[in-house]
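What the coordinates show
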Amino acid sequence: GPVAMSVLDAYPDVDVVVKSEGEVPFAGVVDALSRGASLRGVPGICCRDNGEIVENDDAPLVQDVNTLPSPHLPPHDEGLDYQSRIACVETQRGCVFKCNFCFYNKDLSVRNRRFDLDRVKAELARWLERDVYEIYLMDPVFNLYADRAKDICRFIAAHNTRKVKIHTEVWAEFIDDEMARLMRDAHFAFVEVGLQTTDVTALATVERRLKLEKFNNGVASLKKYGIPFELQLIYGLPGETPASFRQSLDFAVSLDPPVLAVFPLMVLPGTELWRKADGMGLEFEPTPPYFVKSHYTMSRADIARGWDIVGALKAFGESKALRLLGRERGVRFSEIVDAWIEWEPKDMPAFLSRFCRERNIPEAFYQAFAARELTAPS
């Protein structure tokens, strides 16, 4: 939406850009084209018309998303073959939170709208009875409303006889023992958990909430029931420093998540962070994916270091040997990451030998553990 006109200006082969939600404007575009009518009368789009780039009025917000036809139910699903593919299902749209780096809320007048449970269950039943590889519940926060999420989990568990994998995003603070158990029963096979940062300045700057005790309890419940989850951090949030990010990283590793991921900040057009960029001295790439370049608490060199951290974690972020090494007295996991970045060549046995020797740590256990990880089948 916020870059629609510039996209049309930069890419002559693009004829129409929808500014916000797509269902109603897209239908309007199809209708106008089928009648040979001008696109100037279609709300919610920017378009080309007789060689001119024009921005039409906004489309009215669909207050009740249940008035939108379901793409997953007859007759609209006819001819769809999802064998061994991923089916994407919304149970709700939008987010009540205001994290400044996120585009889920889209600054709409209604921040969250929910599809009727009967409709959601009918859509899920449709895919659970087919040979799909995975169902992605694409809600910003699947468990935003705990009772509703538990109801959906119970339904999936009762109908998921094929053990179709379920993938979604959750807030750990809203996970309790019952929720985790139901997710296990429903065969949730990949869950994204956004921690992003523990730095209080960065949290305040980007208007992100974090209740640490509840977060820890939620993660503990996921681990108790063996839910595979990815714990996510963002590198480069305004207000964060390299030192405070390392504290966030060390905390995340202390939770021993199955998967740990770090993503460089993307300053997405239309987000609050994008609007406030000048005031924060926030530099970012002008084209997708809009990666951060620097801001008032991180230099360009600091941001470049973040890419090194991302690469290091891709190389060994799930290594139990290195996580255990990070629990040695006087050692932090972030120090291992820093040491690995500087180590050449990237040879794990030689790296472990040097790291342990410099810190007077017996290396035999870690060498054996790491060797087993490196030779284990993936």
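1. Comments concerning the overall build of the protein chain
Each helix and strand counted, the protein chain has 14 helices and 13 strands in total. Dimensions of the protein chain, computed from the C-alpha atoms along their principal axes, are close to 80 × 50 × 35 Å. Taken across its 378 residues, the protein chain has 47% of its residues classed as buried. Partitioning the intrachain contacts of the protein chain with sequence separation of at least 6 by distance along the chain shows that 68% fall at a separation of at least 24. Summed over all atoms, the accessible surface of the protein chain reaches about 18,500 Å², with 53% contributed by carbon and sulfur. Each charge class in the protein chain was averaged separately, 46 positive and 56 negative side chains, and the resulting centres sit 5 Å apart.

2. Examining the packing of helix α5 (residues 177-185) against helix α7 (residues 212-224)
In contact at an axis separation of 9 Å, α5 and α7 are set at 35° when each is read in the N-to-C sense. In this structure, α5 crosses over α7, and the sense of that crossing is right-handed. In this structure, α5 uses Asp177, Ala180 and Met183 to contact α7, whose residues at the interface are Ser221, Leu222 and Lys224. Partitioned by chemical class, the residues of the contact of α5 with α7 number three nonpolar, one polar and two charged.

3. Notes on the pattern of salt bridges
By the definition in use, this model includes 32 salt bridges. For Arg209, the salt bridge is made with Glu173, and the minimal N-O distance between the two is 3.0 Å. Residue Arg209 is found in the loop between α6 (200-205) and α7, and its partner Glu173 is found in the loop between β8 (165-170) and α5; the two are separated by 36 residues along the sequence. Given a relative accessible area of 9%, Glu173 falls into the buried group.

4. Overview of helix α10 (residues 300-316)
With 17 residues, α10 should reach 24 Å at 1.5 Å per residue; the first-to-last C-alpha distance of 25 Å fits that figure. Of the positions making up α10, those classed as buried are Ile303, Gly306, Ile309, Val310, Ala312, Leu313 and Phe316. The buried residues of α10 occupy an angular sector of 165° when projected down its axis, which confines them to one face. Opposite its buried face, α10 presents the exposed residues Ala301, Lys314 and Ala315, each directed more than 90 degrees away.

5. Let's talk about unusual backbone geometry
At the junction of Pro288 and Pro289, the peptide bond is cis and its omega measures out at 5° in the coordinates. Along the chain, Pro289 falls in the loop between β12 (283-284) and β13 (292-294). Cis geometry is adopted by the peptide bond preceding Pro345, which originates at Glu344 and carries an omega value of -5°. Turning to its location among the elements, Pro345 is positioned in the loop between α12 (333-342) and α13 (348-358). For Gln196, which is not glycine, the phi torsion reads 70° and is therefore positive. Relative to the elements of secondary structure, Gln196 occurs in strand β9 (residues 188-196). Of note, the phi angle at Tyr290 is positive, near 60°, even though the residue is not glycine.

6. A short note on α13
Among the residues of α13, those classed as buried are Met348, Phe351, Leu352, Ser353, Phe355 and Cys356. Contact partners of the buried residues in α13: α10, α11 (320-325), α12 and α14 (364-375). Between the side-chain oxygen at the start of α13 and the backbone nitrogen of Ala350 there is a gap of 2.9 Å, and the oxygen is on Asp347.

7. Some points on the nonpolar core
Residues Leu124, Ile135 and Met183 are the most contacted members of the largest nonpolar core, which totals 94 residues. For this core, the element with the highest residue contribution is α10, accounting for six residues. Excluding anything up to four places from it in sequence, Leu124 contacts Val89, Ile135, Leu137, Ile152, Phe155 and Ile156. Counting residues in each nonpolar core, the second largest holds seven residues, with Val29, Ala32, Val42 and Val54 among its members.

Reading the values: the criteria
- Residues numbered from 1 in each chain as written.
- Predicted model: local features only at pLDDT ≥ 70, side-chain atom pairs only at ≥ 80, totals over all residues.
- Heavy atoms only, no water.
- Helix = DSSP H or I, 4+ residues; strand = E, 2+ residues; numbered from the N terminus.
- Buried < 20%, exposed > 50% of the residue type's maximum accessible area, 1.4 Å probe, protein only.
- Contact = heavy atoms within 4.5 Å.
- Areas by Shrake-Rupley, 256 points an atom, 1.4 Å probe, with all protein chains shown as cover.
- Lys, Arg positive; Asp, Glu negative; His and termini not counted.
- Charge placed at Lys NZ, Arg CZ, Asp CG, Glu CD.
- Axes fitted to C-alpha atoms, helices over the stretch in contact; angles between N-to-C directions.
- Left-handed = near helix turned anticlockwise from the far one by under 90°.
- Nonpolar A, V, L, I, M, F, W, Y, C, P; charged D, E, K, R; others polar.
- Salt bridge = Lys/Arg side-chain N within 4 Å of Asp/Glu carboxyl O.
- Expected span 1.5 Å × (residues − 1).
- Arc of directions from axis to C-beta.
- Polar contact = N/O pair within 3.5 Å; in protein donor to acceptor, adjacent residues only side chain to side chain.
- Core = buried A, V, L, I, M, F, W, Y, C linked by side-chain atoms within 4.5 Å.

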